[in-house]
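Now for the letters of each chain:
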Amino acid sequence: MAQTNVPSRLFIPFLDKTSQSNIVVTVCDFDPGQSCPLKYVNTLSNTNLFTPDEQRMIGEVLVKYKKITTNSGPSGTVLKELYPTNYVIRVAGRPVKIEDWIAHFAYTNFDAKEEIRFNRGGIIVKFRSKLNDGYNATFSRTGGGTLLTFREIHQDIKNSLFVRFDDNHPQGTNWDFKFASFNGEHLEEYQRLTNNLVFGKYLMWNPINGNLILESDFLEPYDFQKHRIDLKLLSNNQH
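Residues numbered from 1 in each chain as written. Predicted model: local features only at pLDDT ≥ 70, side-chain atom pairs only at ≥ 80, totals over all residues. Heavy atoms only, no water.

A look at unusual backbone geometry
What counts, and what does not: Note on conventions: DSSP H or I runs of at least 4 residues are helices, E runs of at least 2 residues are strands, and numbering of each starts at the N terminus. With a 1.4 Å probe rolled over the protein chains alone, any residue whose accessible area is under 20% of its type maximum counts as buried; one over 50% counts as exposed, and the rest are partly exposed.
Of note, the bond from Asp31 into Pro32 is cis; its omega dihedral lies within 30 degrees of zero at 5°. Within the element layout of this structure, Pro32 appears in the loop between strand 1 (23-28) and helix 1 (52-64). Even without being glycine, Ser160 reaches a positive phi, approximately 75°. Inspection of the secondary structure assignment puts Ser160 in strand 8 (residues 157-167). Taking relative accessible area as the criterion, Ser160 reaches 19% and is therefore assigned buried. Even without glycine at this site, Asn196 takes up a positive phi of about 75°. Mapped onto the elements of the fold, Asn196 is located in the loop between strand 9 (186-194) and strand 10 (197-205).

This is the structure in structure tokens:
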């Protein structure tokens, strides 16, 4: 009887394997990835991935925070409140005190507000309209460059778009989120959510060469955080 070579099913390695019955993985090649088809090219201008409104919104975020300070917010806002918050982290087993500054800004020409947290690793932004629509955005240091994480919010719930963009222009030791340059819009990660659950297409790209490293489809809403795996723990258990 002839033996048929049936390709083994692919899984997303950082999610619990037993939870992936309704996830179809087409590409899973993290090093170096596969040549990316044009329909999934990792740029903001890709209309297969982004609507015109999403392109406009993210395009504004990419440049909106370049001139802000703790006392001066985005254009069209006024400072309402500014205060420090302290917390302790452990570095090499020793407690280290960290101080962040949190600024609250209100818009003068429409009913919306922003909370911006300033810390040594960048800024964390929460923009909300009167209806609690808006986004969360983080500009954080990654190597010598900057990673933008953007999450769309509807009625204060994670709905619709979640993406990460990488700034491939290292700044060296004098890193500042304000100097990030996202020219070329190197998209690293793309998800869609409904009521806090991942649903639909989930894509990842190699930030160095733009290759597609993950292509998957979530056929049903999926609790991403509940089923996420610590890859270091997984690696240790395999030895």
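A word on the environment of Asp16
Rules: Here, residues are in contact when the closest pair of their heavy atoms is within 4.5 Å. Two N or O atoms count as a polar contact when they lie within 3.5 Å, although within protein this holds only if one can serve as hydrogen donor and the other as acceptor, and sequence-adjacent residues are included solely when both atoms are side-chain atoms.
Position of Asp16 relative to the elements: it lies in the segment before strand 1. Sequence separation between Asp16 and Asp156 is 140 residues, and the spatial gap between their C-alpha atoms is 28 Å. Excluding its chain neighbours within four sequence positions, the residues that come into contact with Asp16 are Tyr222, His227 and Ile229. Of the polar contacts made by the side chain of Asp16, one reaches the side chain of Thr18; its length is 3.0 Å.

Quick look at the side chain of Thr77
Structurally, Thr77 can be placed in strand 2 (residues 77-91). Engagement of the side chain of Thr77 in a polar contact is seen with the backbone oxygen of Pro74, the distance being 2.7 Å. With residues up to four places along the chain from it excluded, the contact list for Thr77 reads Phe105, Ala106 and Tyr107.

A few points about the packing of aromatic side chains
Note on aromatic pairs: each is described by the distance of the centres and the angle between the planes. What counts is decided by this rule: Aromatic contacts are taken between Phe, Tyr and Trp rings whose centres are within 6.5 Å, Trp giving its six-membered ring; a plane angle under 30 degrees counts as stacked, one over 60 as edge-to-face, and the others as tilted.
All chains considered together, the criterion is met by 14 aromatic pairs. When the ring of Phe50 is compared with that of Phe165, the centres are 6.4 Å apart and the planes differ by 25°; the resulting orientation is stacked. Taken together, the positions of Phe50 in the loop between strand 1 and helix 1 and Phe165 in strand 8 put the pair 115 residues apart, joining distant regions of the chain. Assigned by exposure class, Phe50 and Phe165 land together as buried. With a centroid separation of 6.2 Å and an interplanar angle of 65°, the aromatic rings of Phe139 and Phe182 are classed as edge-to-face. Linking Phe139 in strand 6 (residues 134-142) with Phe182 in the loop between strand 8 and strand 9, this pair joins segments that are 43 residues apart in sequence. When sorted by exposure, Phe139 lands in the same class as Phe182, which is buried.

Quick notes on empty space enclosed by the protein
What counts here: Lining residues are those with an atom within 4 Å of a point, where the points come from a 1 Å grid over the protein atoms alone and group into cavities, where a 1.4 Å probe fits but cannot get out, or pockets, open sets with protein on both sides within 12 Å along at least five of seven lines. Grid points are joined across faces, edges and corners, and a volume is the space filled by probe spheres set on the points. Residues are sorted three ways: Asp, Glu, Lys and Arg are charged, Ala, Val, Leu, Ile, Met, Phe, Trp, Tyr, Cys and Pro are nonpolar, and all the rest, Gly among them, are polar.
Considering all chains together, one arrives at one cavity of 30 Å³ or more under this definition. Reported here for the largest cavity is a volume of approximately 50 Å³. Taken together, Val61, Leu62, Tyr65, Lys66, Phe139, Phe177, Lys178, Ala180 and Phe182 make up the full set of residues lining the largest cavity. Counted by class, the lining of the largest cavity contains seven nonpolar, no polar and two charged residues.

A short note on a nonpolar patch on the surface
The line we're drawing: Patches draw on residues past 30% relative accessible area with no salt bridge. Two like charges within 9 Å are joined, as are two nonpolar side chains (Val, Leu, Ile, Met, Phe, Trp, Tyr) within 5 Å. Note on areas: these come from Shrake-Rupley sampling with a 1.4 Å probe, and a residue is covered only by the protein chains present in the view. A carboxyl oxygen of Asp or Glu within 4 Å of a side-chain nitrogen of Lys or Arg is what we treat as a salt bridge.
A surface patch of nonpolar side chains, about 230 Å² in accessible area, is lined by Tyr87, Ile89 and Val91. Relative to the helices and strands, Val91 resides in strand 2.

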